[in-house]
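# Fold and contact review
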Amino acid sequence: WALMLLLSVAIYGSHAPLLTHCKVDGVIPFSSASVVVLVELTKLLLSLLFLLARHREPLGSAVSWRHAAPFALSALLYAANNNLVVHMQLFMDPSTFQVLSNLKIVSTALLYSLLLRRSLGRRRWLALLLLLAAGLSYSWGGLQGSGSPSEMHLHITPVGLVLLCVYCLISGLSAVYTEAILKSQALPLSLQNIFLYFFGVVLNLMGYLWSGNQGGFLEGFSSWLLLVVLSQALNGLIMSVVMKHSSNITRLFIISCSILVNALLSVAFFNLQLTLLFFVAVTCIGLAVHLYYGV
């Protein structure tokens, strides 16, 4: 568990730096929709390999369409959220989205408590609010370049604010709903992943075709992008293990802790500097871990 969680933290933290290495002349040369399809397809193939390796006996008689059908809604929610992130950029600047998207910590925790009927208590709610504070602090200005402005201003339209609320709601709902399905079925996790990622491939492929991309499906593909696809696929499988055997709250802590990796890589490769807000974020994360897990 420790190695798996640390690997997930490293993958989350290295995602943005890896995408930066994929840029050509400051521009991302590939379609984000095609990358999502490739990630879903890779997760589907890996899940199939894990199922064949660990369960040699046939499972057909114990599985019906009723087991697979609930994952269609889960895949639809994930696909809607991925497309919403792209559409939201029209109504706010990227920095504003980076700051305000941390509100999904609260929405996920609320839906986790309400829909799964898990009482968190004041101590754990305080820990989650500290995670929110850590995310806001780091996003607001935990890193600073030599030529970047010292103050950040949020730019968001009323439509962008509504879309942000929808994004946080769908983000929390998709995660909590998926956790509920995974835990309610007495099926191998690899088989459940096959259901989920099959629908994910179909829906995201439909989205790619509907978007009408001008270039080829693999246009702009590079070794860095291959690393992004493999790492995101592996992280998706790890998150399914976390939701099956732990909870979405653990997932929130993993995402929050990943800012430490992101900061170290940004300092090492992009000559950015740590600010006071970074150390505020680290302190909040440490206190949150102590309050929630007693570590």
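Residues numbered from 1 in each chain as written. Predicted model: local features only at pLDDT ≥ 70, side-chain atom pairs only at ≥ 80, totals over all residues. Heavy atoms only, no water.

## Quick word on the packing of aromatic side chains
According to the stated counting rule, one finds nine aromatic pairs in the structure shown. Taking the centre distance of 6.0 Å and the plane angle of 45° together, the rings of Phe71 and Phe195 count as tilted. Residue Phe71 is found in helix α4 (residues 70-88), and its partner Phe195 is found in helix α9 (residues 189-211); the two are separated by 124 residues along the sequence. An aromatic cluster is defined as three or more aromatic residues linked by ring pairs; in this entry it consists of Tyr138, Phe278 and Phe279. (Phe/Tyr/Trp six-rings, centres within 6.5 Å; stacked < 30°, edge-to-face > 60°. Helix = DSSP H or I, 4+ residues; strand = E, 2+ residues; numbered from the N terminus.)

## Quick look at the environment of Phe30
Among the secondary structure elements, Phe30 is positioned in the loop between α1 (2-22) and α2 (32-54). Judged by relative accessible area, which is 13%, Phe30 ranks as buried. Taking the C-alpha atoms as reference, Phe30 lies 5.7 Å from Glu219; in sequence the two are 189 residues apart. When neighbours within four sequence positions are excluded, Phe30 is seen to be in contact with Leu19, Cys22, Val35, Glu219, Gly220 and Leu225. (Buried < 20%, exposed > 50% of the residue type's maximum accessible area, 1.4 Å probe, protein only. Contact = heavy atoms within 4.5 Å.)

## Comments concerning the side chain of Asn235
Among the structural elements, Asn235 can be located in helix α10 (residues 223-245). Discounting chain neighbours no more than four positions away, the residues touching Asn235 are Ser8, Ile11 and Tyr12.

## Description of the UniProt feature "signal peptide" (unreviewed entry) in the protein
The feature "signal peptide" (unreviewed entry), as given by UniProt, occupies residues 1-16 in the numbering adopted here. Regarding residues 1-16, the helix share stands at 94% and the strand share at 0%, and the terminal C-alpha atoms are separated by 24 Å. (UniProt positions renumbered as here; feature names shortened; annotations may be inferred.)

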